[in-house]
Structures are given as structure tokens and as C-alpha cells.
Amino acid sequence: MHSIQHSAFISSMIDVIDRGIHVVDANGRTIFYNQKMREMEGTGDIDLLDKRLLDVFQFHPDEQSTLLQALTLKEPILNIQQSYFNVKGHEITAINDTYPIIIDGAVLGAIEIAREVTAVEHEITPHKKLSSFDHWAGTSPLIQQMIAEGKRAAESDDFLLLCGEAGTGKELLAQSIHLERGLHESSFIGIDFRSSSEERSERFIEELKSNSKKTFFMGHAEYLPLHLQKSLAERLLVEKRKPREEREHVILTLSEDPIDAIQSGKLLKELYYVISERTVFVPALRERKEDISELVQYFIEQFNIRFQTAVSGTAGEVLKLFREYDWPGNVRELEHVMEASMLALGTENQVSYSHLPHYFRLKFDDPASSMPALDGSAFMVKEGKASQTLDSFLHEAESYYIQKSLQYHEFNITKTADALGMSRQNLQYRMKKHGLKVKG
């Protein structure tokens, strides 16, 4: 069969599969991409063939594409839940099984089979199961303070602003406040402005006129276009003039400090003033690491029910690593790590280091490794103090590594970004941070 016909045959064949299929060559360029994956990732009519993965999709700074990881590691990466952004800036979340394609010992590419978790475009639908305050795990002062503030907020009909990093649980807090107010689960409706089109965001704002006595949850308000933020502020001012008992319940979230968001132009000052009748801050997981053991046990119990398993707990080495890690993805990241670990358990009943996802293990030294510790001379100390702070050392090391990579790749941004496993935008941001320029 002619190569062009052969390629068309394979493309037609994978288009009928009800799973997302994405195949790249050894250089990370797309060679097959089926219709289901196109629907999941919201790429529309964009031609992805022969395009570099990182020129089309953007990944969080602390994560790397599982397709590119499979190429580098030369081993399958299974049951990994991954979030990333398409070319339109919409977030996609999928569970991926990724395999390197190895023939005669050479890695020729990689194939990813994706199961949808969240589509790019959801209809506005009520939540069916909500989390109450009883579902919150943790006894740290910060989380107890947040719960107390949330319950006080539930006693009023004030508009609410919930602030906290991505993955901290702002939507769960909104659900808890909704239920604490004695409202029915079906009257909680939500939207995430990160993955919403302007048309759908506008329709959602229009719903506020319906006098339906619902809770309108609006996630990541900093992603709402400014002209729609203005429309929302005007709509909320109308609601504010109503008697409190006739108001719609409105809860907005931000993933950064509201003052910083206003100063950077992401948040309209008028919207902040009208929505912030009451503000609750959701703490980051790194600020309440004493809650990690309880959160881990909570997730074990939840996944035992879902997977019909009987996992009893985690090895001490795992909890030690968890307490050392800063969790940039917060509680959501911990949940994903525990889910992947329990799927890797097989017949065992305790999560150990070997069950942790491969990408997560790469962040640490193997506790069972026989590699000797660094000699003391590798650490420069003067009069009992390190010669420079860790942040200063890491800043210099990153700058040096990026500069050498740029030189090696003749200052080609795309090739350097591919080699470093990051997007062009991420590399350009870091170059700007370190004052590095491409030679003209």
C-alpha cells in the first residue's frame, strides 16, 4: 500500500476509536491525532500534523507532557491524570496511558491513549454531589480557621470571594457553604472561567437575572475577559440593591491575591469592590503540612471505595517525602498522586515509594538507593553558614543551565525548549527573568 494511502488508512481507523489517540515521533512532532482527542482538547480545525507538541500545548511549570516523558524514559507511563492548556488557553484534564514505540532498541515515537475527565466545553449543569464541611480533612490551625470563617459566611447572604492557589479546594469550600446555608444540592450551579468560552460565560452571567434563588459559583474570575467582568459587576450591583433574602447567592474565586490581580490588570477593580463583601482565604497545602497524614488517609478511604480495594495505609518513607515536598498543585496534586499510587498497587495493601508515579519519584532520591550521600566538601560553608542561600544558588544554576542549553542549540528557542522539556512561553519567561537574550 502506498505510504500516503497507508497513513490515511490508519487515520481513518483511529478516528472511530472512542478514546483520544495522539502519536508523536521521536522529536515530539505529531504524526497521528484522532477525532476524539481533537474533541477532548478543543483543537477544532487546527492542523497538528508535524507540529511540535510544545508549540501547541502548554503545561504547568512543575509538570511535563507524558508523551515527552515516555520518549525520554523509554517506558510506559500509566494511569496519570494530567492538566494542561490548549492553544486557546483552555485547560484540559485527562487520564493518560502513554507508551514509547520501540523497534530494534530504538525509540521511534510514543502513543498516548486518553480518557476524558473534563471536556473543554461543558454545559452549565447543577452539581449532583456536593461536599459538606464534614468532608474537610485536617486539624491544623489554618484549616480550622478557614472552616470557621466559611461557616460564619454561610450565616449571611453576602456575596463571597474565595482566594487561594489552584488545587486548594475553593470549589469544595463553596459547596460546603452552600449546604451549610440549608440549600438543596440541585440549586448549586457553577462555571470555570479558565475553560469557558466568552459566549458561555456571558450566558451564565445572564442567568443571574432569573430570580431562581440558586448559588452561582464562578471559578477563576481572573480568566474572565474584562468587558464581561464589567457586565458581571453591573449585574451584581442590581442584585445588591435587592433585600438580602431575595438575592441570588454568588461565590467567586481567585487563584491569586486580589490586589495583585487588580494591579496586573487581570481583575477589574469594580468587580472586586462589589464581590468582596466577605472574603475567605484557602490555605496552600505547604502551609499546613501537619494535615498531610489525615488527607492521605482520607484519599485512601475514598479510593478504596472507588477501586474496591483494601489498602491500609502508606509506608513511613512515603509520608516523609510528602512532608518534604512543597506541593505546588496543593491538595488536588496530592489526590492525583494517591490515585495513581493505588492503581499501581496490584495485590499489595500499602503504598510504598515504588508505587508512586514515576514523574513524582523523579523529584526525590530513592530511599532504598545505595548511592552515597554527598561529601561535605560539596557544600560550601563559611563560619557555620552556607556561602549563599538556596534560592540564590538555584537562581544561578537555572540561569547557567538555560544559557548553556541556548548555546548548544545555537540560540534556537524551539529546540532549546524541547530539550529542556518546557514550552516556548515558559522558556522565554525564564530567559526574561534571568536577563538572557537570543543573539541577533
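All values derive from a computational prediction rather than experimental measurement.

Caption draft 1: View of the confidence of the model for the chain. Averaged over every residue, the pLDDT of the chain is 82; residues scoring 70 or more account for 86%. Low pLDDT (under 50) marks residues 118–127, which in the prediction has 32 contacts with non-local residues, meaning those over four places away or in another chain.

Caption draft 2: Looking closely at helix H7 (residues 198–206). Where H7 is concerned, the buried positions are Arg200, Ser201, Phe204 and Ile205. An end-on view of H7 places all buried positions within 140 degrees of arc, on one side of the element. Those residues of H7 that are buried are in contact with strand S8 (188–192), strand S9 (215–219) and helix H8 (226–240).

Caption draft 3: The arrangement of empty space enclosed by the protein in detail. Summed over the entire model, instances satisfying the criterion amount to one cavity of 30 Å³ or more. Of the voids in this model, the largest cavity is the one considered here, and its volume is about 60 Å³. Around the largest cavity sit His22, Glu41, Leu53, Phe57, Phe59, Ser65, Leu67, Gln82, Tyr84 and Glu112, which together line it. Along the lines of polarity and charge, the residues of the lining of the largest cavity split into five nonpolar, three polar and two charged.

Caption draft 4: Representation of the environment of valine 282 within the structure. One can find valine 282 in the loop between strand S11 (278–281) and helix H11 (292–307). A relative accessible area of 6% means that valine 282 is categorised as buried. For the pair valine 282 and lysine 170, spaced 112 residues apart in sequence, the C-alpha to C-alpha distance is 6.7 Å. Sequence-distant contacts of valine 282, that is, excluding residues within four places in its chain, are made with Met146, Cys163, Gly164, Thr168, Lys170 and Leu173.

Caption draft 5: Broad picture of the packing of H11 against helix H13 (residues 330–343). Interaxial distance between H11 and H13 falls to 10 Å at its minimum, and their mutual angle equals 50 degrees. By the angle class used here, H11 and H13 are oblique. Note on packing geometry: the crossing formed by H11 with H13 is right-handed. For the pair H11 and H13, contact is made by Leu295, Val296, Phe299, Ile300, Phe303, Asn304, Arg306 and Phe307 and by Val331, Leu334, Glu335, Met338, Glu339, Met342 and Leu343, respectively. Considered class by class, the residues forming the contact of H11 with H13 number eleven nonpolar, one polar and three charged.

Caption draft 6: The pairing of strand S7 (residues 160–163), seen in detail. Side chains of S7 alternate between two faces, with Leu160 and Leu162 and Leu161 and Cys163 buried alike. Pairing of S7 with strand S10 (residues 249–254), which is carried by four bridges, proceeds in the parallel orientation. Bridge pairing in S10 places leucine 162 opposite threonine 253. Strand direction decides the pairing type here: S7 and S11, joined by four bridges, are parallel. Bridge pairing in S11 places leucine 161 opposite threonine 279.

Caption draft 7: Representation of the environment of valine 311 in the model. Mapped onto the elements, valine 311 comes out in the loop between H11 and strand S12 (313–314). Given a relative accessible area of 8%, valine 311 falls into the buried group. Along the chain, valine 311 and asparagine 349 lie 38 residues apart, while their C-alpha atoms are 4.3 Å from each other. Sequence-distant contacts of valine 311, defined by excluding residues within four places in its chain, comprise Ile300, Asn304, Met342, Leu345, Asn349, Gln350 and Val351.

Caption draft 8: Looking closely at unusual backbone geometry. A positive phi angle, close to 70 degrees, is found at aspartate 50, a residue other than glycine. Inspection of the secondary structure assignment puts aspartate 50 in the loop between helix H2 (35–41) and helix H3 (53–56). The phi dihedral of tryptophan 327 falls on the positive side, at around 50 degrees, and the residue is not glycine. On the secondary structure map, tryptophan 327 appears in the loop between helix H12 (316–324) and H13.

Rules and cut-offs
Chains are numbered independently. Their residues run from 1 in the order of the written sequence. Given that the model is predicted, a residue must reach a pLDDT of at least 70 before its local features are reported, and side-chain atom pairs must reach 80 or more before they are shown or counted; all residues, however, enter totals for whole chains, interfaces and linings. Side-chain descriptors were evaluated using all non-hydrogen atoms of the structure, hydrogens and water having been removed beforehand. The predictor rates its confidence in each residue with pLDDT, a number between 0 and 100. Whether two residues are in contact is decided by their heavy atoms: any pair within 4.5 Å suffices. For each residue, the accessible area found with a 1.4 Å probe, counting protein chains only, is set against the maximum for its type, and the residue is called buried under 20%, exposed over 50%, and partly exposed in between. Helix and strand labels come from DSSP, where a helix needs a run of H or I of at least four residues and a strand needs a run of E of at least two; each type is numbered from the N terminus. Comment: arc refers to directions from the helix axis out to C-beta atoms. We place a 1 Å grid over just the protein atoms. Points where a 1.4 Å probe fits but has no way out form a cavity, open points with protein on both sides within 12 Å along at least 5 of 7 lines form a pocket, and any residue with an atom within 4 Å of a point lines it. Grid points are joined across faces, edges and corners, and a volume is the space filled by probe spheres set on the points. When residues are sorted by character, Ala, Val, Leu, Ile, Met, Phe, Trp, Tyr, Cys and Pro go into the nonpolar class, Asp, Glu, Lys and Arg into the charged class, and all the rest, Gly among them, into the polar class. Orientation is described by axes fitted as lines to C-alpha atoms, over the contacting stretch for helices, and by angles from 0 to 180 degrees between their N-to-C directions. Note on angle classes: values under 35 degrees are labelled roughly parallel, values over 145 roughly antiparallel, values of 65 to 115 roughly perpendicular, and the remainder oblique. By the definition used in this description, the sense in which the near helix is turned from the far one sets the handedness, with an anticlockwise turn below a right angle giving left-handed and a clockwise turn giving right-handed. One bridge is not enough; two strands pair if DSSP finds at least two bridges between them.

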